[in-house]
Amino acid sequence: MKRVLTAVVLIPLVLVLVFLPPAWQWLFTAATALVAALAGWEYLTLAQQKGSNPLRIAVVIAVLALFAAWFEWPDQLASILGILSLVLLLVCTFSSPIARVLPDASNAVFCLLYTGFTLISLPALHAQNNGPSLVVLLLCTVWAGDTAALYIGRPFGRNKLAPRLSPQKTWEGSIASVIGSLLATGLLLEIASYLGRWNSVALSYADEVWWYWLIVAVIINIAAQVGDLAESALKRSAGVKDSGTLLPGHGGILDRVDALLLAAPALWYAQLIHQRF
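As a starting point, this report considers the structure included with it. Because the structure is a prediction, the values reported are computed rather than measured.

Digging into the overall build of the protein chain
Argument step 1. What the protein chain contains, in helices and strands, is 11 helices and two strands.
Argument step 2. Listing every helix and strand of the protein chain by position from the N terminus yields α-α-α-α-α-α-α-β-β-α-α-α-α.
Argument step 3. The C-alpha atoms of the protein chain give a radius of gyration of 19 Å, which matches the 19 Å a tight globule of 277 residues would have.
Argument step 4. In terms of overall dimensions, the protein chain has a C-alpha envelope of 65 × 50 × 35 Å along the principal axes.

Looking at the side chain of Asp255
Argument step 1. Along the chain, the position of Asp255 falls in helix α10 (residues 253–257).
Argument step 2. A distance of 2.9 Å separates the side chain of Asp255 from the side chain of Lys235, its partner in a polar contact.

A word on the pattern of salt bridges
Argument step 1. Taken as a whole and assessed by the stated rule, the structure comprises five salt bridges.
Argument step 2. A salt bridge links Arg100 to Asp104; the shortest N-O distance between them is 3.0 Å.
Argument step 3. Look at Asp104 and you get buried, because its relative accessible area is 0%.
Argument step 4. For Asp255, the salt bridge identified is with Lys235, shortest N-O distance 2.9 Å.

Rules of the game
Residues numbered from 1 in each chain as written. Predicted model: local features only at pLDDT ≥ 70, side-chain atom pairs only at ≥ 80, totals over all residues. Heavy atoms only, no water. Helix = DSSP H or I, 4+ residues; strand = E, 2+ residues; numbered from the N terminus. Rg over C-alpha atoms; globule rule 2.2 N^0.38 Å. Polar contact = N/O pair within 3.5 Å; in protein donor to acceptor, adjacent residues only side chain to side chain. Salt bridge = Lys/Arg side-chain N within 4 Å of Asp/Glu carboxyl O. Buried < 20%, exposed > 50% of the residue type's maximum accessible area, 1.4 Å probe, protein only.

Keep in mind these values describe shape, not function.
What follows is the structure, given as structure tokens:
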């Protein structure tokens, strides 16, 4: 029940942010930056369980600075990421005990990459001409896949997917997740087609044939499942069940966005590659 109530509160809020007009792009970017910073804070808590403890405030500031700088200079992302990574290295060099410089610097830079750089894909997608539609596709594909895996995998799952990383995940749940994502994408395409009859552009996928979006849905789903497994591996390595307790029924922020950390870049790069070819 806690899981459902949290979703009921958060999903409308997220959709409001997604459908903000272009002039409010900064607010969507700021909200994503806040989520990335909170997820980064939780990641550093995991790292602390393994003896690493970089200056958290510096890492959080670096994550927020990454989003702010990208918003102003989107074409300079690589340079911005490099500068911030070097700054974190210097901070750890002069603030951490000498025995902890290596793990602290490694975790600080990885945190910037893992929760900051990956989630930059969300405002990058949102800034496109059909940005809100792309973000809705991403979110619905991930959410539908996660829900299908939960309600099919738990009662019917028999064959373990990756028992070393996440003992509860099964191949049955994984296949159900892909099917759930495909169904959600098909439903979105139908809704967009219906709205198009009324000259609505709230959802628009008409720039590509229908099967392209189904292929993209499978790519998103696979990336989301891998992202989920990666975060599970990090938690198991740290010896904890959840990354935090901020979201009742869902654990922490990192637990909630773990799939997006790989799914969002997967959609962004799939779009970039498709546009090139």
